[in-house]
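This is what each chain is made of:
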Amino acid sequence: MAELLWTKARKPQYCSLRLVAFLLIILLFVFFGAGVLSPRMLMLGTRQEGAGEAAGKPISLHVVTLPRYSVFKGHLPIRMVYPQPKVLTPSRKDVLVLTPWLAPIVWEGTFNIDILNEQFRVQNVTIGLTVFAIKKYMVFLKLFLETAEEHFMVGHKVNYYVFTDRPADVPRVPLRGGRRLLVLEVPGAARWQDVSMRRMEMIGSFCAQRFLREVDFLVCADVDMRFRDHVGVEILSQLFGTLHPGFYGAAREAFTYERRPQSRAHIPRDQGDFYYMGAFFGGSVAEVHRLTTACHQAMMADWANGIEAVWHDESHLNRYLLDHKPTKVLSPEYMWDEQLLGWPAIMKKLRYVAVPKDHQEIRHR
């Protein structure tokens, strides 16, 4: 009886001890387990190679130091301070800034270059710039390269691809870090029209041979021009064309498209979006390869039928961009001739401009 009473007296105390021990175990588990179960630790941890090969294989975790930026690799971006975009306040009220197929039209005031530079830097892109310096057009190359070094894709890696029949005459121009000049020797031609039309063939050929391996974007430009103001990553897209400075305000009926139905470049008078300049276009290397290949094939089909489009490769470029809408359109800021057109108020900047010259004298030398 005394033993029974002693047992009954101890039972509440024994239960209290069990409860205390259970709470201590919970506290220890929470304290030591937090470091393993913390979402932050899981986020900073990395798997060892092959960790996902077998179910249940333990994951090795370690703390890593985050790089300065790289949104695309899952790292923290730079904290940038810039004006908030205003949904009810359009960037420009005086010009069209979006095509009916939702491609942006790039004008001064429609983009923030700091944001764009950061986006392209984290992708570590290399841009190729092709230019043809054939025969007497070599005289324009030095100014073209010097002004490109000052204004074109500043802060990014650039490969200049100079197509020429006179490699020994290519000028030596000091280049910024991360920029290269590569000379590609090609045959000359009797007529400037042939040089213009063969450009599509040669760009397409070199896209397959090397550009696809060497650069991410390709910009195709005329050499008898100079860069006058910033031309940067705001132009880059899968496929871009540039509005012709003489037709950006004209009706489609006034465009100098190829109007003969026998030509592969034919565009009827009731069709057409814009008139694009053949002197400045580009995009991803894959898209430029498709464009130049298609234009060359169309020109060869015309040649077989005894037809030469009215504006040669530019006519075929316009046909292609009608059928394959560009993902970005550059305003005439990126292709201007101040000598012929002055400087209208709508042009906030003149970025890529014609060099004054005697076309007949240059073309027929």
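Note that this is a predicted model, so its numbers are computed, not measured.

What to know about the confidence of the model for the chain
Here the chain shows a mean pLDDT of 84. Residues at 70 or above account for 76%. The low-confidence segment residues 1–12, where pLDDT is below 50, has zero contacts with residues more than four positions distant or belonging to other chains. Overall, residues 30–76 carries pLDDT values under 50, and its contacts beyond four positions in sequence, including any with other chains, amount to 44 contacts.

Notes on the nonpolar core
Ranked by internal contacts, the top residues of the largest apolar core, which has 42 residues, are L141, F144, F152, V219, I235, L236 and F280. Looking at this core, the elements with two or more residues in it are α3 (113–122), β2 (126–133), α4 (141–151), β3 (157–164), β5 (217–221), β6 (225–227) and β10 (352–354). Beyond its immediate sequence surroundings of up to four residues, F144 is in contact with L129, V131, A221, D222, V223, M225, F227 and Y352. Core analysis: the second largest hydrophobic core is formed by 40 residues, M197, M202, I203 and C207 among them.

Quick word on the pairing of strand β8 (residues 280–284)
For β8, the buried fraction is high: five of the five residues fall into the buried class. One ladder, built from five bridges, connects β5 with β8; its direction is antiparallel. Its bridge partner being in β8, V219 is matched across the sheet by G282. The sheet contact formed by strand β7 (residues 239–242) and β8 spans two bridges and is antiparallel. Pairing of L239 across the sheet is with G283, part of β8.

So, the packing of aromatic side chains
Scanning all chains against the criterion turns up 20 aromatic pairs. Measuring from centroid to centroid gives 4.3 Å for Y161 and F211, while their planes differ by 40 degrees, and the two rings are tilted. Of this pair, Y161 sits in strand β3 while F211 is found in helix α5 (residues 192–214), placing the two residues 50 residues apart along the sequence. When sorted by exposure, Y161 lands in the same class as F211, which is buried. In this structure an aromatic cluster arises from ring pairing among F144, F152, F227, F240, F280 and Y352. A cation over an aromatic ring shows up here: K325 above the ring of W101, its NZ or CZ 5.1 Å from the ring centre.

Some details on the side chain of S315
Residue placement: S315 occurs in helix α7 (residues 312–323). Once you skip the residues sitting within four places of it in the chain, S315 turns out to touch E258, A265, A309 and V310.

As for the sheet that holds β5
An order of β1-β9-β7-β8-β5-β2-β3-β4 is seen for the eight strands of this open sheet, with the pairing classed as mixed. Strand pairing shows two members of the sheet lacking a second neighbour, β1 (105–106) and β4 (179–185), which therefore form its edges. On top of the sheet, helix α6 (residues 285–304) reaches β5, β7 and β8; it is set at about 125 degrees to β8, its chief contact.

Focus on the side chain of S331
Note on placement: S331 falls in the loop between β9 (328–330) and α8 (338–341). One polar contact links the side chain of S331 to the main-chain carbonyl oxygen of V106, over a distance of 2.8 Å. Apart from residues lying up to four places away in sequence, S331 is in contact with I105, V106, W107, T242 and L243.

What about the environment of L218?
Relative to the elements of secondary structure, L218 occurs in strand β5. The exposure class assigned to L218 is buried, which follows from its relative accessible area of 0%. Each C-alpha atom, one on L218 and one on I127, is 5.9 Å from the other, the two residues being 91 residues apart in sequence.

Section: α4
Those residues of α4 not exposed but buried are L141, F144, L145, T147, A148, E149 and H151. Looking at the buried positions of α4, the neighbouring elements they touch are β2, β3, β4, β5, β6 and β10. A positive phi of about 50 degrees marks M153, the residue just after α4.

Considerations on α7
For α7, spanning twelve residues, the distance from its first C-alpha to its last is 18 Å, which sits close to the expected 16 Å at 1.5 Å a residue. For α7, the buried fraction is high: eleven of the twelve residues fall into the buried class. All of the buried residues along α7 are H312, D313, E314, S315, H316, L317, N318, R319, Y320, L321 and L322.

Structural notes on the pattern of salt bridges
If you walk through the whole model with that rule in mind, you get 17 salt bridges. With a closest N to O distance of 3.1 Å, R210 and E214 form a salt bridge. Of this pair, R210 and E214 both sit in helix α5, four residues apart, roughly one helical turn. For E214, a relative accessible area of 25% gives the class partly exposed. A salt bridge links R319 to D323; the nearest nitrogen and oxygen atoms lie 2.6 Å apart. Residue R319 and its partner D323 are both found in helix α7; the two are separated by four residues, about one turn of the helix. Judged by relative accessible area, which is 17%, R319 ranks as buried. Three or more residues are tied together by salt bridges with common partners; here these are E108, E333 and R351.

Conventions and cut-offs
Residues numbered from 1 in each chain as written. Predicted model: local features only at pLDDT ≥ 70, side-chain atom pairs only at ≥ 80, totals over all residues. Heavy atoms only, no water. pLDDT = per-residue confidence, 0-100. Contact = heavy atoms within 4.5 Å. Core = buried A, V, L, I, M, F, W, Y, C linked by side-chain atoms within 4.5 Å. Buried < 20%, exposed > 50% of the residue type's maximum accessible area, 1.4 Å probe, protein only. Helix = DSSP H or I, 4+ residues; strand = E, 2+ residues; numbered from the N terminus. Pairing = 2+ DSSP bridges. Phe/Tyr/Trp six-rings, centres within 6.5 Å; stacked < 30°, edge-to-face > 60°. Lys NZ or Arg CZ within 6 Å of the ring centre and 35° of its normal. Axes fitted to C-alpha atoms, helices over the stretch in contact; angles between N-to-C directions. Polar contact = N/O pair within 3.5 Å; in protein donor to acceptor, adjacent residues only side chain to side chain. Expected span 1.5 Å × (residues − 1). Salt bridge = Lys/Arg side-chain N within 4 Å of Asp/Glu carboxyl O.

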